[in-house]
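Understanding the architecture of this molecule
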Amino acid sequence: MSDLLRADYYRIKKDVILVISLIIIAFFALSTPALSLLLKKLLIDSIGELDGMNLGISFTGKYVFVSSLSVSNNVGLILPVLIGIIVCRDFSSGTVRNKIIAGHSRLRIYLSSLVTAASVGAALFLIYSLLMLSFGSLLLGYGSAFTLSEFVYVLKVLLMGTLMYSALMAFAVFFAATTRRVGLTIVLQIAIAMIVSILGTLPMMLPDCPEWLEWLSRLNPSYQLLLATSDKFSTDLFVTSLLSSVAYISISAAAGSLIFRRAELK
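For every chain, the first residue of its written sequence is number 1, and the numbers climb from 1 along that sequence. Totals for whole chains, interfaces and linings use all residues, but because this is a predicted model, local features are given only for residues with pLDDT of at least 70 and pairs of side-chain atoms are given and counted only at 80 or more. The basis for every side-chain value is the complete set of non-hydrogen atoms in the structure, without hydrogens or water.

Quick look at the overall build of the protein
- Each helix and strand counted, the protein has twelve helices and zero strands in total.
- Taken over C-alpha atoms, the radius of gyration is set against a globule rule of 2.2 Å times the number of residues to the power 0.38. For 266 residues, the compact-globule estimate of 2.2 N^0.38 gives 18 Å, and the protein sits close to it at 20 Å.
- When a residue's accessible area, from a 1.4 Å probe over protein chains only, is under 20% of the maximum for its type it is buried; when over 50% it is exposed; and in between it is partly exposed. Across the 266 residues of the protein, 44% fall into the buried class.
- By the convention used here, residues are in contact when the closest approach between their heavy atoms is within 4.5 Å. Residue pairs in contact within the protein that sit at least 24 positions apart in sequence constitute 80% of those at least 6 positions apart.
- All accessible-area figures derive from a Shrake-Rupley calculation using a 1.4 Å probe, and residue coverage is judged against the displayed protein chains alone. Only carbon and sulfur atoms are counted for the fraction: they give 69% of the accessible area of the protein, which is about 13600 Å².
- Computed over 20 positive and 14 negative side-chain charges, the separation of the two mean positions in the protein equals 17 Å. Helix numbers and strand numbers start at the N terminus; a helix is a DSSP run of H or I with at least 4 residues, a strand a run of E with at least 2. Note that His is not counted, nor are the chain ends; the positive residues are Lys and Arg, and the negative ones are Asp and Glu. A single reference atom marks each charge: NZ on Lys, CZ on Arg, CG on Asp, CD on Glu.

Focus on the packing of aromatic side chains
- Only Phe, Tyr and Trp rings are paired, with Trp represented by its six-membered ring, and only when their centres lie within 6.5 Å; those with planes under 30 degrees apart are stacked, over 60 edge-to-face, the remainder tilted. Tallying each qualifying case throughout the model produces six aromatic pairs.
- Aromatic side chains Phe 27 and Phe 28 sit 5.2 Å apart centroid to centroid with 70° between the ring planes, which places their arrangement in the edge-to-face category.
- The exposure class of Phe 28 is buried, given its relative accessible area of 16%.
- Centre to centre, the rings of Tyr 142 and Phe 146 are 5.1 Å apart; their planes meet at 85°, and the pair counts as edge-to-face.
- Among the aromatic residues, those joined into a ring-pair cluster are Phe 171, Phe 174 and Phe 175.
- For Arg 106, the ring lying beneath its charged end belongs to Phe 260, and the centroid distance is 5.7 Å.
- Its end group placed over the ring of Phe 238, Lys 156 keeps NZ or CZ at 5.6 Å from the ring centre. Over a ring means this: the NZ of a Lys or the CZ of an Arg is within 6 Å of the ring centre and within 35 degrees of the ring normal.

Things to note about the nonpolar core
- Remark: nonpolar core denotes a set of buried residues (Ala, Val, Leu, Ile, Met, Phe, Trp, Tyr, Cys) joined through side-chain atoms within 4.5 Å. Among the nonpolar cores identified, the biggest contains 59 residues, and Val 75, Tyr 128, Tyr 165 and Phe 233 are the most heavily contacted of them.
- Among the secondary structure elements, those contributing two or more residues to this core are helix 1 (2-14), helix 2 (16-42), helix 4 (61-66), helix 5 (75-92), helix 7 (106-140), helix 8 (148-179), helix 11 (221-228) and helix 12 (235-262).
- Looking at which element gives the most residues to this core, the answer is helix 8, with 14 residues.

Quick look at the environment of Leu 225
- Position of Leu 225 relative to the elements: it lies in helix 11.
- When its relative accessible area of 13% is taken as the criterion, Leu 225 is described as buried.
- Sequence separation between Leu 225 and Ile 85 is 140 residues; the distance between their C-alpha atoms is 26 Å.
- Sequence-distant contacts of Leu 225, that is, excluding residues within four places in its chain, are made with Val 66, Ser 67, Leu 69, Ser 70 and Met 160.

Quick notes on unusual backbone geometry
- In the Ramachandran plot, Arg 180 falls in the positive-phi region, its phi being about 55° despite a non-glycine side chain.
- Along the chain, Arg 180 turns up in the loop between helix 8 and helix 9 (182-205).

Concerning helix 11
- Burial analysis of helix 11 places seven of its eight residues in the buried class, the great majority of the element.
- Turning to helix 11, its buried residues number three or more, namely Pro 221, Ser 222, Tyr 223, Gln 224, Leu 225, Leu 227 and Ala 228.
- Polar contacts, as used here, are pairs of N or O atoms within 3.5 Å; protein pairs need one atom able to donate a hydrogen and one able to accept it. Residues neighboring in sequence count only if both atoms are side-chain atoms. By the N-cap criterion, in which a side-chain oxygen at the helix start approaches the backbone nitrogen of a residue two or three places on, helix 11 is capped by Asn 220, the distance to Ser 222 being 2.8 Å.

What about the packing of helix 11 against helix 12?
- Between helix 11 and helix 12, the least distance of the axes is 11 Å, while the angle of their chain directions is 160°. As far as their axial angle goes, helix 12 and helix 11 are roughly antiparallel. Classified by chirality, the crossing of helix 12 by helix 11 is left-handed. The segment helix 11 lies against helix 12, with Pro 221, Gln 224, Leu 227 and Ala 228 engaging Leu 237, Thr 240, Ser 241, Ser 244 and Tyr 248.
- Residues that form the contact of helix 11 with helix 12 fall into these classes: five nonpolar, four polar and no charged. Interaxial angles span 0 to 180 degrees and are taken between N-to-C directions of axes, which are lines fitted to C-alpha atoms, for helices over the stretch in contact. For this classification, under 35 degrees means roughly parallel, over 145 means roughly antiparallel, 65 to 115 means roughly perpendicular, and everything else is oblique. Each crossing gets its handedness from the near helix: less than a right angle anticlockwise from the far helix is left-handed, clockwise is right-handed. Just so you know the grouping, Ala, Val, Leu, Ile, Met, Phe, Trp, Tyr, Cys and Pro go in nonpolar, Asp, Glu, Lys and Arg go in charged, and all remaining residues, Gly too, go in polar.

Here is the structure:
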């Protein structure tokens, strides 16, 4: 297993997609706070009016930082797609077949891909979110006094996002290993991100949202993000987010390894 992990990490390290990912991260980490600053200046006369209508727009480093968790736009949408492409290329290049010929079990091969994808994705998320926090606070101000409670809040968001992105990468590996097609993997990854995003907004859109639907939506990463940007980021929500992400990783790993073990490789 250790040999597989070393080989997979080395291959990702040498892949041009990793460089592309870092460029994308740097671009969005710089452009997102800059665009927020521009919008703030353009809408400065309307902000008070929007606040009065409960439609206020937050232009703070804190909000920019938390928005880095989004699974349906920018880095949250692009990174899983790029990781999925890397895994798909392992099949098209014959790398997976060579691993099997070398005597490695399919279960170990799948788990190695999962561990490397999830860890690399989590590391890229941490880089992205910390850059967003730094540049966002520099350009917009953090938004409040950075007390001990705010520091703990940042740590919670980082942990929450790390597991959330790990779950996204787990699904990317699942789609790549089960379809082994780059195009289909990209379509499925984007589709699930859009569905999660739409379902996450339902409780906010319904005037009389049923209590059962609100609690069910708390398992949705998109809805968790919406609550994290408000004053409803409770300890219960934090724990629910962590447990749900672990559950998604476990379910996708179990299903993916089972399907992959029975799949025919050409």
